[in-house]
Structure formats: structure tokens, C-alpha cells
Amino acid sequence: MDLRDLDRRALAAAASAVNRVKRADLARPSPCGDWTLGQLIGHMIGHNRGFAAAAAGKPTDPAVWDDLTPPADPRRAFADSVTLVTKAFSAKTLLDRKIEVYGYGTFTAQTVLGMHFVDFLVHAWDVAKSTGADATLDPDLSASAMKIALRWPTDRPSKAFGVMVEPAADASPGDRLVAYLGRSPGWPDGH
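Residues numbered from 1 in each chain as written. Predicted model: local features only at pLDDT ≥ 70, side-chain atom pairs only at ≥ 80, totals over all residues. Heavy atoms only, no water.

A short note on the environment of Pro29
Next, step 1: Along the chain, Pro29 falls in the loop between α1 (3–18) and α2 (37–55).
Next, step 2: In the structure, Pro29 is positioned ten residues away from Gln39 in sequence and 9.4 Å away in space, judged by C-alpha atoms. (Helix = DSSP H or I, 4+ residues; strand = E, 2+ residues; numbered from the N terminus.)

Remarks on the pattern of salt bridges
Next, step 1: A full pass over the atoms with the stated rule returns three salt bridges.
Next, step 2: A salt bridge links Arg9 to Asp138, with the nearest nitrogen and oxygen atoms 3.8 Å apart. Linking Arg9 in helix α1 with Asp138 in the loop between α5 (109–131) and α6 (139–149), this pair joins segments that are 129 residues apart in sequence.
Next, step 3: On the accessibility criterion, Asp138 (31% relative accessible area) is partly exposed.
Next, step 4: When the shortest N-O distance is used, the salt bridge between Arg183 and Asp126 registers 2.7 Å. In this pair, Arg183 is assigned in the segment after α7 (173–180) and Asp126 in helix α5, connecting sequence segments 57 residues apart. (Salt bridge = Lys/Arg side-chain N within 4 Å of Asp/Glu carboxyl O. Buried < 20%, exposed > 50% of the residue type's maximum accessible area, 1.4 Å probe, protein only.)

Remarks on α7
Next, step 1: Where α7 is concerned, the buried positions are Gly174, Leu177, Val178, Ala179 and Tyr180.
Next, step 2: Looking at the buried side of α7, the elements it contacts are α5 and α6.
Next, step 3: Looking one or two places after α7, you find Gly182, whose phi comes out positive at around 95 degrees. (Contact = heavy atoms within 4.5 Å.)

Some thoughts on α2
Next, step 1: Between the first and last C-alpha of α2 there are 27 Å, a value that for 19 residues agrees with the 27 Å anticipated at 1.5 Å per step.
Next, step 2: Taking burial as the measure, the 19 residues of α2 include 17 buried ones, the bulk of the element.
Next, step 3: Count one or two residues on from α2 and you reach Gly57, which has phi positive near 80 degrees. (Expected span 1.5 Å × (residues − 1).)

Okay, here's the thing in C-alpha cells:
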């Protein structure tokens, strides 16, 4: 798996979802815990900034990682954060280093890329669901993300994931992924 390419594709899916968000949508609920859509996008921006700084070997303020402030201009703020993290993840020496992810520990760059990729692919789904847009995830990206997520601890709920949800027998790869990570594919109405 080329994790940098997968991550760029997940960020593009997230950007596509964020680009459809209107200012009035920011107060909508999201499938990501009890966050509003604005808080979710604030979290995504903060995590892109945090991952970018960590990948560049710079100290990061925990407040950056924990920021849930809804952005005044979601499209621009998210695009700026994508530029930062993509540049940091493109460094030639990245794969030779270990990176600290605030709140989780220090990992190989490969592991960190996998964490970011899965997180942002699922957040693309979260944002799309929040606005009532088509939240179908790319089946190949979803299958790759599931391979990574299956390696993670399953003690739930946790800081990052809710309790696993049983997907429908005929669920798509994207619905299987979000269910595995604790979201109801039928959100907000249930399964």
C-alpha cells in the first residue's frame, strides 16, 4: 500500500465533503460523538495542523490537536490544513523517522500515515452524512482502510472510536469500515 497516496485520496474525499458545507450547516449534529459539524471540521483542521507539525519534527501545542473551533470559512481553512499536512507527509526522510501523535504515543511514519488516512476517510463520511449528501466511500479506499483498522485495539469505546456496530450482511466496504469504527451506517436514523 502506498500510504501517502491513500492519504492524499482520503484528504481529497474529505475536502469534497467539506466544500459542500454551508455556514448554516456548522450547527448540524455529526455522527462523530456529540460534536456539531463545525466542531468536527475544527477537529479535522486541528489534526491536520498537529500531524503536519509532528511530521516536520516540530513541537505541537496540545491546544492545536484539541481545537474544535468551527472555522469561519470551512473550505479555505480545511484546504490550508490539507496543504500543510500533505507537504509534511511528502518529506523524503519521513519514512525514516518516528512521529509523536499527541495523546497516543510515538510511532513509525508508516503507522502515522495509516492513522491519518483512516481517520480522514471516515471523517469524509462524517461530514457528508452531516449535510445529508451522498456519503458513499470509495470501495478500494475503504478496503485498504479496513486492513489498517483491523490491526488496532478493539477495546471500545475509546478516545477515538465508539463501540463497533454490526453492519448489514450486504453492507458496502465503506459501511463496514464506519460500522467497525463505531458509527451507524444509517445515521442519523439508525442502521
